[in-house]
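Structure at a glance
What follows is each chain in one-letter form.
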Amino acid sequence: MIAGLSIKNLIKIVMGIAFLIVGIKGIIQNKRFEKPKTVIDGKVLYSKHYEKKDNQGYYRQFYYEITVEVEEAGRKKKYAINSMDQYKAGDIVRLVRDTNTSGSYKVFSPNYTPIFGQWVISIIGAFLIFTPVARAKFGAAYLTVLPSPICIFSGISLAFVYFKENRRKLEKIESEIIGLLKWQKTNIGKDGKYYTSGRALYCPLLKYKSNGVEKIRRSRANSNLPEVYPIGGKIIFYKDLKTGNFLEAKPKLAMLIMRVLLTIVGVLGFISIMIK
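Structure report, in brief. (Residues numbered from 1 in each chain as written. Predicted model: local features only at pLDDT ≥ 70, side-chain atom pairs only at ≥ 80, totals over all residues. Heavy atoms only, no water.)

Quick look at unusual backbone geometry now. Look at A73: it is not a glycine, yet its phi comes out positive at around 55°. On the basis of relative accessibility, which here comes to 86%, the residue A73 falls in the exposed class. (Buried < 20%, exposed > 50% of the residue type's maximum accessible area, 1.4 Å probe, protein only.)

Now the structure itself:
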């Protein structure tokens, strides 16, 4: 025992701290992108399209190289950036610094879904940290004592996130699937040849109109089964009218119901403790 805790419990606490750090770091990073100084606007000067198909008709490459103009310290500079989505000359595109390329930018493409996963990781971390202490103090009842406040906090926090996301003014856009981008990991064999490994992912390429202008973008959705996205099929996505960002789906009422139920479970847990 070390300071009243077994090695096993200390390992749980260390794991919990690691989970908590990863989750909180992800949440903070997501919030950082919302600050005006983090995301800047760039003006598209021109773009060039690159594509490549395999012998099955699937795209193995499909992207645009856009040249954007940004203002830095009162001076205008040009950068060449790869984009999954099509932009026309004169479009304003949101950019962030590319940490993988010194001094350059990349298109800001927020994903609103992972923040839920980051909350879950943080909750798991808190559970692992407090489990040994709760178990020592409450005995077998810790299974009710510990999850109750976590459920209440998680339910209320995630419900707040739902209402915040649901306040966005969105434009509903109907698009047509014009092709599939196939992604599959490749490895170099001892003979120097390339070999594929793992299951392939298929991402639909969508043709749509926004403000009367026809464009193409790559959906962030994907599937292991190409038949999920038939050529000519229709997909609905949404555009945030304030930021210009695309969302693959709106927050669903079922998500709110789940979060309310999570809060109720936590409250009932507290009540059961008090009755005892």
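So, on to the nonpolar core. Grouped together as the largest cluster of nonpolar side chains are 18 residues, with contacts concentrated most on F62, I66, V68, I81, V93, L95 and V107. A per-element tally of this core places strand β2 (residues 59–72) first, with six residues. Those residues within four positions of F62 in sequence are excluded, and the remaining contacts are H49, Y50, E51, L181, L205 and I216. One finds I177, L180, F237 and F246 within the second-largest nonpolar core, a separate group that totals twelve residues. (Core = buried A, V, L, I, M, F, W, Y, C linked by side-chain atoms within 4.5 Å. Helix = DSSP H or I, 4+ residues; strand = E, 2+ residues; numbered from the N terminus. Contact = heavy atoms within 4.5 Å.)

Okay, the packing of aromatic side chains next. Under the defined criterion, the tally for this structure stands at eight aromatic pairs. Consider the rings of Y59 and F62, whose centres lie 5.0 Å apart with planes at 75°: the pair is edge-to-face. Classification of Y59 by relative accessible area gives buried; the value is 10%. Judged by its relative accessible area of 6%, F62 falls in the buried class. With a centroid separation of 5.3 Å and an interplanar angle of 85°, the aromatic rings of Y208 and F237 are classed as edge-to-face. You can see Y208 sitting in strand β7 (residues 194–210) and its partner F237 sitting in strand β9 (residues 234–240), a full 29 residues away along the chain. By the burial criterion, Y208 is buried, and F237 matches it. (Phe/Tyr/Trp six-rings, centres within 6.5 Å; stacked < 30°, edge-to-face > 60°.)

A cluster of nonpolar side chains, L253, I257, V260, L261, I264, V267, L268 and I271, forms an exposed patch at the surface whose accessible area comes to about 690 Å². When you line up the elements, V260 lands in helix α5 (residues 253–275). (Patch = residues over 30% accessible without salt bridge, like charges linked within 9 Å, V, L, I, M, F, W, Y side chains within 5 Å. Areas by Shrake-Rupley, 256 points an atom, 1.4 Å probe, with all protein chains shown as cover. Salt bridge = Lys/Arg side-chain N within 4 Å of Asp/Glu carboxyl O.)

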